[in-house]
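A closer look at the structure
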Amino acid sequence: MSEPATIQASASLWQPRSAWGGAPRAGRHGAPGQAGIRLTLLEGRGLATLVATEGNEAGLQTVLAERFGLSAPEAGGAAFEGERGLVWSAPGQWLAVAPSPHALRDLPEALRGLAAVTDQSDGRALVRVSGPQARALLAKGVAVDLHPGAFGPGRAAVTSIAHIGVQLWQRDAGPSYDIAVARSFAGSFWAWLEHAAAEFGYEVATVQG
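We now turn to the structure provided with this report. None of the values given here were measured: they were computed from a predicted structure. (Residues numbered from 1 in each chain as written. Predicted model: local features only at pLDDT ≥ 70, side-chain atom pairs only at ≥ 80, totals over all residues. Heavy atoms only, no water.)

Another point: the overall build of the protein chain. The helix and strand tally for the protein chain stands at five helices and 12 strands. A compact globule built from 209 residues should have a C-alpha radius of gyration of about 17 Å, and the protein chain, at 19 Å, falls within 12% of that. The burial tally for the protein chain puts 44% of its 209 residues in the buried class. For the protein chain, long-range pairs separated by at least 24 residues make up 68% of all intrachain contacts whose partners lie at least 6 apart in sequence. Total accessible area computed for the protein chain in this model is approximately 10,600 Å², and 52% of it derives from carbon and sulfur atoms. Of the charged side chains in the protein chain, 16 are positive and 18 negative, and the gap between their average positions amounts to 5 Å. (Helix = DSSP H or I, 4+ residues; strand = E, 2+ residues; numbered from the N terminus. Rg over C-alpha atoms; globule rule 2.2 N^0.38 Å. Buried < 20%, exposed > 50% of the residue type's maximum accessible area, 1.4 Å probe, protein only. Contact = heavy atoms within 4.5 Å. Areas by Shrake-Rupley, 256 points an atom, 1.4 Å probe, with all protein chains shown as cover. Lys, Arg positive; Asp, Glu negative; His and termini not counted. Charge placed at Lys NZ, Arg CZ, Asp CG, Glu CD.)

Spelled out as structure tokens, the structure:
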């Protein structure tokens, strides 16, 4: 008689969970007054690493442009149309970003022989840091000069924040930054992020897809 209940309990353990593990608390936090920071959790995004095979980088870029409307940026760059785009990761390597994993489902077949495609949708956590104090917040821990003259919209870096490896790109002059961190480090990164944001006052929100 207990078997159905056991099966149901086991199935419930496999429900999808946020990459942030429930650590963030939605709402207004930190110093009083107008919030200087907005932290937006970007849930359900599609992510994939693309590594061009030797001698095929030009062909890869052609297919990405013609079939998917994606532009492969040069070193240290990020190219987006809305929420779809590519972020430079290393020579011949990019991170593809889309509103959902489904949007990237055709990449492996389309790029066969041109690039190795590895799904990262469940392996990384994404957060958007925006607001008038976003640059000041990140300057507390990032190992990159974020001055507008050195790092502006469309720029990207593989770096570290508070000794945690991240991929960072600036979306607009707001300023607004997107940060990708390995899922296994998401909790530690969030603990630093909310602590660093507290002096500015911050809001936490979630966007699905």
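With that settled, consider the sheet that holds strand β9 (residues 156-161). What holds strands together in a sheet is hydrogen bonding between their backbones, with the strands either parallel or antiparallel. Reading across from one edge, β1-β12-β2-β8-β11-β10-β9 is the order of the seven strands in this open sheet, with mixed pairing throughout. This sheet does not close on itself; its edge strands, each paired only once, are β1 (27-29) and β9. Neighbouring strand axes in the sheet, compared pairwise and without regard to direction, differ in orientation by 30° on average. In the sheet, strand β8 (residues 124-130) pairs with strand β11 (residues 176-182) via seven bridges, with the strands oriented antiparallel. Across the sheet, the residue bridging to L126 is A180, located in β11. Contacting β2 (37-43), β8, β9, β10 (164-172), β11 and β12 (202-208), helix α5 (residues 186-197) runs over the sheet at an angle of about 10° to β8. (Pairing = 2+ DSSP bridges. Axes fitted to C-alpha atoms, helices over the stretch in contact; angles between N-to-C directions.)

Throughout the structure, instances matching the rule amount to three aromatic pairs. When the ring centre of F80 is taken as origin, the NZ or CZ atom of R171, which lies over that ring, is 4.5 Å away. (Phe/Tyr/Trp six-rings, centres within 6.5 Å; stacked < 30°, edge-to-face > 60°. Lys NZ or Arg CZ within 6 Å of the ring centre and 35° of its normal.)

This part takes up the pairing of β9. As defined by bridge partners, β9 adjoins β10 across six bridges and the pair is classed as antiparallel. Following the sheet pairing, T159 is matched in β10 by V166. The turn linking β9 back onto β10 is made up of two residues, and A162 within it adopts a positive phi angle of 55°.

Attention now goes to the pattern of salt bridges. Scanning all chains against the criterion turns up eight salt bridges. R171 is paired through a salt bridge with E83; the nearest N and O atoms lie 3.5 Å apart. Remark: E83 occurs in the loop between β4 (78-81) and β5 (84-90) and R171 occurs in strand β10; sequence separation between them is 88 residues. Given the relative accessible area of 22%, R171 is considered partly exposed. Take E83: its relative accessible area is 28%, and that puts it in the partly exposed class. With a closest N to O distance of 2.5 Å, E199 and K140 form a salt bridge. In this pair, E199 is assigned in the loop between α5 and β12 and K140 in the loop between α4 (134-139) and β9, connecting sequence segments 59 residues apart. Using a relative accessible area of 41% as the deciding quantity, one classes K140 as partly exposed. If you follow the salt bridges from partner to partner, you end up with R45, E83, R128, R171 and D178 in one network. (Salt bridge = Lys/Arg side-chain N within 4 Å of Asp/Glu carboxyl O.)

Moving on to helix α2 (residues 57-68). Helix length check: α2, at 12 residues, gives a terminal C-alpha distance of 16 Å against a target of 16 Å (1.5 Å per residue), a fit within 8%. If you check which residues of α2 are buried, you get L60, V63, L64 and F68. Buried residues of α2, viewed axially, fall in a sector of 100°; they line one side. Looking at α2, the residues exposed on the side facing more than 90 degrees away from the buried face are A58 and E66. Residues of α2 that are buried in the fold lie against β3 (46-52), β5, β6 (93-98), α3 (107-110) and β7 (115-119). Taken from the residues just after α2, G69 is the one with a positive phi, measuring 65°. (Expected span 1.5 Å × (residues − 1). Arc of directions from axis to C-beta.)

Now for the side chain of Q120. Looking at the element boundaries, Q120 is found in the loop between β7 and β8. The contacts of Q120, once residues within four sequence positions are left out, are L47, A48 and T49.

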